[in-house]
Amino acid sequence: MAALFGKEDAIFVPSGTMGNLCSLLSHCFGRSEEIILGDKSHIFCYEQGAYSQFGGIVSHLLPNQPDGSIRLDQIESARRRDRLHQPTSRLLCLENTHNLSGGRVLPLDYMRQAYEMSHKLGLQVHLDGARLMNATVALQCSPREMTQFCDSISMCFSKGLGAPAGAIVAGDKDFIDRARRMRKALGGGMRQVGILAAAAFVAMENYETKIAADHTNARRIAEAVQALRSPFVYADYPETNFVMLKLCGVPANEVLDQLNTVTPSEEEHHGRGIIVRGFSWANGTQIRLVTHCNISDEDTTWAIKKIAWVAHHLTQRKPASSKMAAV
């Protein structure tokens, strides 16, 4: 599968978090070496700072832009030049698609510019591509067209692709030799991996068609929410499979409670119970919904009906907000 990403070699790891950790530990050989990454990156926000725990690696945080990118001039300025008194800059970490930006896609031209500049600065580039296939489908490019602009890549089989577990780490042969040793040290070397790897191969079959359907379903939900013209909930047009419901005048937990509850009147109205699972986002001002391979077109239609039902009942209970009504 390494060839799919245009890399020399690859290994299977139990999770994307382990994949990122193996990669960072394989790029940064010495303690106090530094990675440059976004302040809203998954590696920084949701992986327990494991690179520091296990590798003594220092992180240099830069602000992620709304689209998930990091400004190139800030990356250039962040690269350390005083090697006696400061950590040694070693690696730039990018994320595509970008989770905390709502599944936004980094364009190929940005990836190219970041990669070329990083190499001029003596930095390697690692791509946290947990949802890389969503990015490639959105950009209508092949995986290797994107991964040519990074030195290593981690990608999850268990996100929208639908495998039960696992991720891949890919890079050149020397890098993967180091990553394989790191995987063993972290407890990820499994004799039973063939069973999980087989499921990963199945998940990759016709991935373009499956992921394109997920993106279409996400757009259907967003367009339906926009058509409601509710004063309390709105959705921007999604780039991939994330639908971000933006709320006004009502907390996310209250809306989530209603999305997760089936009332007798609702069941009578729809002829069935409908539950929509989501996550509170942006300090309770948004709700994240994600489409994936187990959400059918019919499921999407029912989800739209549930969201419309909840929005209607919010309107009956709460006064309209002029701010959201103007959206």
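Since the structure is predicted, the reported quantities are computational estimates derived from the model, not experimental observations.

Trainee: Where do I start with the overall build of the protein in this structure?
Mentor: For the protein, the helix and strand inventory stands at 14 helices and eleven strands. In terms of overall dimensions, the protein is globule-like: its C-alpha atoms have a radius of gyration of 21 Å, near the 20 Å expected for 327 residues. Each of the three principal axes of the protein carries a C-alpha extent, and together these read 65 × 45 × 35 Å. In the protein, which comprises 327 residues, the proportion classed as buried is 50%. Long-range contacts, defined as pairs at least 24 residues apart, comprise 72% of the intrachain contacts of the protein with a sequence gap of at least 6. Approximately 15100 Å² of the protein is accessible, and the part contributed by carbon and sulfur atoms is 51%. Where the 35 positive side-chain charges of the protein centre and where its 33 negative ones centre are 4 Å apart.

Trainee: Help me understand the pattern of salt bridges, please; the structure alone is not making it clear to me.
Mentor: A pair can form between side chains of opposite charge whenever their charged atoms are brought close. Tallying each qualifying case throughout the model produces eleven salt bridges. As a salt-bridge pair, Asp73 and Arg71 come within 2.6 Å of each other at their nearest N and O atoms. The class of Asp73 is partly exposed, set by a relative accessible area of 40%. With a shortest N-O distance of 3.0 Å, Arg112 and Glu116 are connected by a salt bridge. Taken together, the residues Arg112 and Glu116, both in helix α5 (residues 108-120) and four residues apart, mark about one turn of the helix. Since its relative accessible area comes to 28%, Arg112 is described here as partly exposed. Because the salt bridges share partners, they merge into one network encompassing Asp9, Lys173, Asp177 and Arg180.

Trainee: Hey, could you run me through the environment of Ala10 in this one?
Mentor: By secondary structure assignment, the location of Ala10 is in strand β1 (residues 9-13). For Ala10 and Pro164, which are 154 residues apart along the polypeptide, the C-alpha to C-alpha distance reads 19 Å. For Ala10, the contacting residues outside a window of four places in its chain are Ala2, Ile168, Val169, Ala170, Ile176 and Arg180.

Trainee: Could you clarify how one ought to interpret the packing of helix α10 (residues 207-228) against helix α13 (residues 297-317) in this entry?
Mentor: The geometry of a pair of packed helices is captured by two quantities: the angle between their axes and the separation between those axes. At a minimum axis distance of 10 Å, the contact between α10 and α13 shows a crossing angle of 25°. Between α10 and α13, the angle falls in the class roughly parallel. Crossing of α10 over α13 shows right-handed handedness. Contacts between α10 and α13 pair Asn217, Arg220, Ile221, Ala224, Val225 and Leu228 from the former with Asp297, Thr300, Thr301, Ile304, Ile307, Ala308 and Ala311 from the latter. Its residues assigned to classes, the contact of α10 with α13 shows eight nonpolar, three polar and two charged.

Trainee: Got a minute to help me understand the packing of aromatic side chains in this structure?
Mentor: Here a ring pair, both rings aromatic, is described through the centre-centre distance and the interplanar angle of the planes. One pass over the full model with this rule turns up two aromatic pairs. Taking the centre distance of 6.2 Å and the plane angle of 10° together, the rings of Phe12 and Phe157 count as stacked. Within this pair, whereas Phe12 is found in strand β1, its partner Phe157 is found in the loop between β6 (152-156) and β7 (167-171), the two being separated by 145 residues in sequence. For the pair Phe12 and Phe157, one class covers both residues: buried. Here the basic side chain of Arg272 rests over the ring of Trp302, its NZ or CZ set 4.5 Å away from the ring centre. Positioned over the ring face of Trp302 is Lys305, at 4.4 Å from the centre of the ring.

Trainee: Explain the sheet that holds strand β5 (residues 124-128) to me, please; I cannot follow it from the model alone.
Mentor: Sheet strands line up and pair through hydrogen bonds in the backbone, either parallel or antiparallel. Within the open sheet, the seven strands sit side by side as β1-β7-β6-β5-β4-β2-β3. Their pairing is mixed. If you trace the sheet from one side to the other, it starts and ends with β1 and β3 (58-62), each paired once. The mean angle between the axes of side-by-side strands here comes to 20°, regardless of whether they run parallel or antiparallel. Here strand β4 (residues 88-95) pairs with β5 via five bridges, running parallel. Bridging from a neighbouring strand, Leu94 pairs with Leu127 of β5. Its contacts with the sheet place helix α1 (residues 16-27) against β1, β2 (33-38), β4, β5, β6 and β7, and it is angled at close to 175° to β5.

About the criteria used
Residues numbered from 1 in each chain as written. Predicted model: local features only at pLDDT ≥ 70, side-chain atom pairs only at ≥ 80, totals over all residues. Heavy atoms only, no water. Helix = DSSP H or I, 4+ residues; strand = E, 2+ residues; numbered from the N terminus. Rg over C-alpha atoms; globule rule 2.2 N^0.38 Å. Buried < 20%, exposed > 50% of the residue type's maximum accessible area, 1.4 Å probe, protein only. Contact = heavy atoms within 4.5 Å. Areas by Shrake-Rupley, 256 points an atom, 1.4 Å probe, with all protein chains shown as cover. Lys, Arg positive; Asp, Glu negative; His and termini not counted. Charge placed at Lys NZ, Arg CZ, Asp CG, Glu CD. Salt bridge = Lys/Arg side-chain N within 4 Å of Asp/Glu carboxyl O. Axes fitted to C-alpha atoms, helices over the stretch in contact; angles between N-to-C directions. Parallel < 35°, antiparallel > 145°, perpendicular 65-115°, else oblique. Left-handed = near helix turned anticlockwise from the far one by under 90°. Nonpolar A, V, L, I, M, F, W, Y, C, P; charged D, E, K, R; others polar. Phe/Tyr/Trp six-rings, centres within 6.5 Å; stacked < 30°, edge-to-face > 60°. Lys NZ or Arg CZ within 6 Å of the ring centre and 35° of its normal. Pairing = 2+ DSSP bridges.

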